[in-house]
Amino acid sequence: HMKEVDINELIAGVAHTFALKVEKNGGKIITVLNAESPIVCVDDMHFTNVIFNLMDNAVKYKHLDTNLELCVETWNEPGLLCISIKDNGIGVKKEDLKRIFDKFYRVPTGNLHDVKGFGLGLAYVKKIVKDHKGSIIAESEFGIGTKFIIKLKTNK
């Protein structure tokens, strides 16, 4: 169900909903919604799930002894709307990073985190972004944090 959506508003809504969960974990969400052309044609339910899933992973994979800092940004590049979701969590090793969007793949974390799941969240995120003719990349430094960057075509 594609329709025109203001991504800044969508992200602000998800961040607002999520703030309690992040603050409960001793963290904070910073939103820097600088996209001046934030309107894109998306399925708002699925795209809300994408943003929620990426934020939820930041909470799940935070350092146990560090307060979570989650930064969500939007900006425009020519013909594109860009979204970045960055955390200061446990990060992902280079050899695992290239597989994180694979269905059923879970980064081995030893006994560090008791995170349940089937390895479907990021596969879903990638599929939804791809179905919207967008791109998503992940950058990560083990022990320092992870950043996801989504790029979508604007309507202009």
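For the structure, check the block above.
K.L.:
Just checking my understanding: could you explain the environment of I7 for this structure?
P.N.:
One can find I7 in helix α1 (residues 7-24). For the pair I7 and I83, spaced 76 residues apart in sequence, the C-alpha separation works out to 8.8 Å. In contact with I7, not counting residues within four places along its chain, are P38, V40, F47, T74, L81 and I83.

K.L.:
Sorry, what's going on with the pairing of strand β4 (residues 69-77) here?
P.N.:
Two faces make up the sheet, and in a regular strand the side chains alternate between them. Strand direction decides the pairing type here: strand β2 (residues 28-33) and β4, joined by 6 bridges, are parallel. Within β4, the residue paired with T31 across the bridge is V72. Relative to strand β5 (residues 80-87), β4 runs antiparallel, the two sharing 8 bridges. Bridge pairing links V72 to I85 in β5.

K.L.:
Would you mind going over the nonpolar core with me for this structure?
P.N.:
Nonpolar side chains tend to gather and get buried jointly when the protein is soluble and globular. If you look at the biggest cluster of nonpolar residues, it comprises 37 residues, and the most contacted ones within it are F47, I51, L54 and I150. Elements supplying a minimum of two residues to this core: α1, β3 (39-43), α2 (44-60), β4, β5, α4 (121-131), β6 (135-141) and β7 (145-153). With near-sequence residues (within four places) excluded, I150 lies in contact with F47, V50, L54, L81, C82, I83, V129, S135 and I136.

K.L.:
I'm lost on the pattern of salt bridges in this one. Help?
P.N.:
Opposite charge on two side chains makes pairing possible when the charged atoms of those side chains draw close. Scanning the model with the defined rule gives 5 salt bridges in all. K21 serves as the salt-bridge partner of D56, at 2.6 Å between the closest nitrogen and oxygen. In this pair, D56 is assigned in helix α2 and K21 in helix α1, connecting sequence segments 35 residues apart. When its relative accessible area of 12% is taken as the criterion, D56 is described as buried. In this structure K21 comes out as partly exposed when scored by relative accessible area, which is 35%. A salt bridge links K60 to D56; its shortest N-O distance comes to 3.6 Å. Here D56 and K60 lie together in helix α2, a separation of 4 residues that amounts to about one turn. We classify K60 as partly exposed; its relative accessible area is 33%. Taken together, the salt bridges that share partners define one network made up of K21, D56 and K60.

K.L.:
What's the story with unusual backbone geometry in this structure? I'm lost.
P.N.:
A negative phi angle is the norm for most residues apart from glycine, just as the trans form is the norm for most peptide bonds. Phi at K133 takes a positive value of approximately 60 degrees, unusual for a residue other than glycine. Position of K133 relative to the elements: it lies in the loop between α4 and β6. Among the residues examined, K133 registers a relative accessible area of 64% and is labelled exposed.

K.L.:
I would appreciate a short explanation of α4 in the present structure.
P.N.:
Residue pairs three or four apart in sequence face the same way in an α-helix, which turns once every 3.6 residues. Within α4, burial applies to L122, A123, V125, I128 and V129. Structurally, α4 contributes buried residues whose contacts are with α2, β6 and β7.

K.L.:
I keep staring at the packing of α2 against α4 and nothing clicks. Help me out?
P.N.:
Geometry of a packed helix pair, given as the angle between the helix axes and the separation of the axes. Two elements in contact, α2 and α4, have axes separated by 10 Å at closest approach and are oriented at 145 degrees. Crossing hand, α2 versus α4: left-handed. Here α2 contributes H46, F47, N49, V50, N53, L54 and N57 to the contact with α4, which in turn contributes G121, L122, Y124, V125, I128 and V129. Its residues assigned to classes, the contact of α2 with α4 shows 8 nonpolar, 5 polar and no charged.

What counts, and at which threshold
Residues numbered from 1 in each chain as written. Predicted model: local features only at pLDDT ≥ 70, side-chain atom pairs only at ≥ 80, totals over all residues. Heavy atoms only, no water. Helix = DSSP H or I, 4+ residues; strand = E, 2+ residues; numbered from the N terminus. Contact = heavy atoms within 4.5 Å. Pairing = 2+ DSSP bridges. Core = buried A, V, L, I, M, F, W, Y, C linked by side-chain atoms within 4.5 Å. Buried < 20%, exposed > 50% of the residue type's maximum accessible area, 1.4 Å probe, protein only. Salt bridge = Lys/Arg side-chain N within 4 Å of Asp/Glu carboxyl O. Axes fitted to C-alpha atoms, helices over the stretch in contact; angles between N-to-C directions. Left-handed = near helix turned anticlockwise from the far one by under 90°. Nonpolar A, V, L, I, M, F, W, Y, C, P; charged D, E, K, R; others polar.

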